[in-house]
Amino acid sequence: MKICCGTDIIEIERIKKNIEDEKVGKAFVERVYTKKEIEYCESKKIQKYQHYAARFAAKEAVFKAISNQLEDKYSITWKDIEIINNQQGRPELKLTGIDLSNIEDIDLSISHCKEYAVATVTLLLIGNRG
């Protein structure tokens, strides 16, 4: 058994600028976020950028945590990682296009304030790969 961890922090303003950019904003959102993530973030109105940034940080943290499980860095896309909230409002990961047979458990924690969003992902791996 092995534990892998990934953490990421990002400035909310950086995500806001990318989303509001007239040239790349729409393409950025469509490349990084799933339909469900976009709907969730947009529902947060004035705080939507905090939620977009938190999901971006979570996706980066996932990549860092699972990178040893991937053939190469191109074997996963942004949309293969989806951050959804369960009925209690706790964020959860949905992973697609990834061999999960070696992953026994995944835990995600995200947080944000006015300026930053941060996420930590912890994996419990079984077997000897990683």
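Rules used throughout
Residues numbered from 1 in each chain as written. Predicted model: local features only at pLDDT ≥ 70, side-chain atom pairs only at ≥ 80, totals over all residues. Heavy atoms only, no water. Pairing = 2+ DSSP bridges. Helix = DSSP H or I, 4+ residues; strand = E, 2+ residues; numbered from the N terminus. Axes fitted to C-alpha atoms, helices over the stretch in contact; angles between N-to-C directions. Contact = heavy atoms within 4.5 Å. Buried < 20%, exposed > 50% of the residue type's maximum accessible area, 1.4 Å probe, protein only. Salt bridge = Lys/Arg side-chain N within 4 Å of Asp/Glu carboxyl O. Lys, Arg positive; Asp, Glu negative; His and termini not counted.

Colleague: Can you walk me through the sheet that holds strand β1 (residues 2-11) in this structure?
Modeller: As a general point, the strands of a sheet are linked pairwise by backbone hydrogen bonds and lie either parallel or antiparallel. With antiparallel pairing, three strands are arranged side by side in an open sheet as β1-β5-β4. Unpaired on one side and paired on the other, β1 and β4 (103-112) mark the two borders of the sheet. Across the sheet, the axes of successive neighbouring strands diverge by a mean angle of 10°, strand direction being ignored. As judged from the nine bridges shared by β4 and strand β5 (residues 116-125), these two strands associate in the antiparallel manner. Bridge pairing in β5 places Ile 110 opposite Ala 119. Where helix α1 (residues 12-20) meets the sheet, its contacts fall on β1, β4 and β5, and the angle it forms with β1 comes to roughly 70°. Contacting β1, β4 and β5, helix α4 (residues 48-66) crosses the sheet at an angle of about 30° to β5.

Colleague: Would you mind going over the pairing of β5 with me for this structure?
Modeller: On any regular strand, side chains alternate: one points to one face of the sheet, the next to the other face. Here β5 shows a clear split, with Ala 117, Ala 119, Val 121, Leu 123 and Leu 125 buried on one side and none of Tyr 116, Val 118, Thr 120, Thr 122 and Leu 124 buried on the other. Here 10 bridges tie β1 to β5, and the two strands are oriented antiparallel to one another. For Glu 11, the partnering residue across the bridge sits in β5 and is Tyr 116.

Colleague: When you look at the pattern of salt bridges in this model, what are you seeing that I'm missing?
Modeller: Close approach of charged atoms lets side chains of opposite charge pair. This model, assessed by the stated rule, comprises five salt bridges. One salt bridge connects Glu 30 with Lys 26, and the closest N-O pair in it is separated by 3.8 Å. Of this pair, Glu 30 and Lys 26 both sit in helix α2 (residues 25-32), separated by four residues, roughly a single helical turn. Glu 30 gets classed as partly exposed once you look at its relative accessible area, which sits at 42%. For Lys 48, the salt bridge is made with Glu 42, and the minimal N-O distance between the two is 3.2 Å.

Colleague: How should the side chain of Asp 80 be read in this particular structure?
Modeller: Looking at where Asp 80 falls in the secondary structure, it is placed in the loop between α4 and β2 (81-85). Within the buried set, Asp 80 has no salt-bridge partner at all; the shortest N-O distance to an opposite charge, 9.0 Å, is to Lys 59. Not counting residues within four places of it along the chain, the set of residues in contact with Asp 80 comprises Ser 75, Lys 94, Leu 95, Thr 96 and Ile 98.

Colleague: Whenever I open this one, the environment of Lys 79 confuses me. Can you help?
Modeller: Here Lys 79 lies in the loop between α4 and β2. The partly exposed category is assigned to Lys 79, whose relative accessible area is 39%. Taking the C-alpha atoms as reference points, Lys 79 and Val 118, separated by 39 residues in sequence, lie 19 Å from one another. Non-local contacts of Lys 79, meaning those with residues more than four positions away in its chain, are made with Glu 30, Arg 31, Val 32, Tyr 33, Thr 34, Lys 59 and Thr 96.

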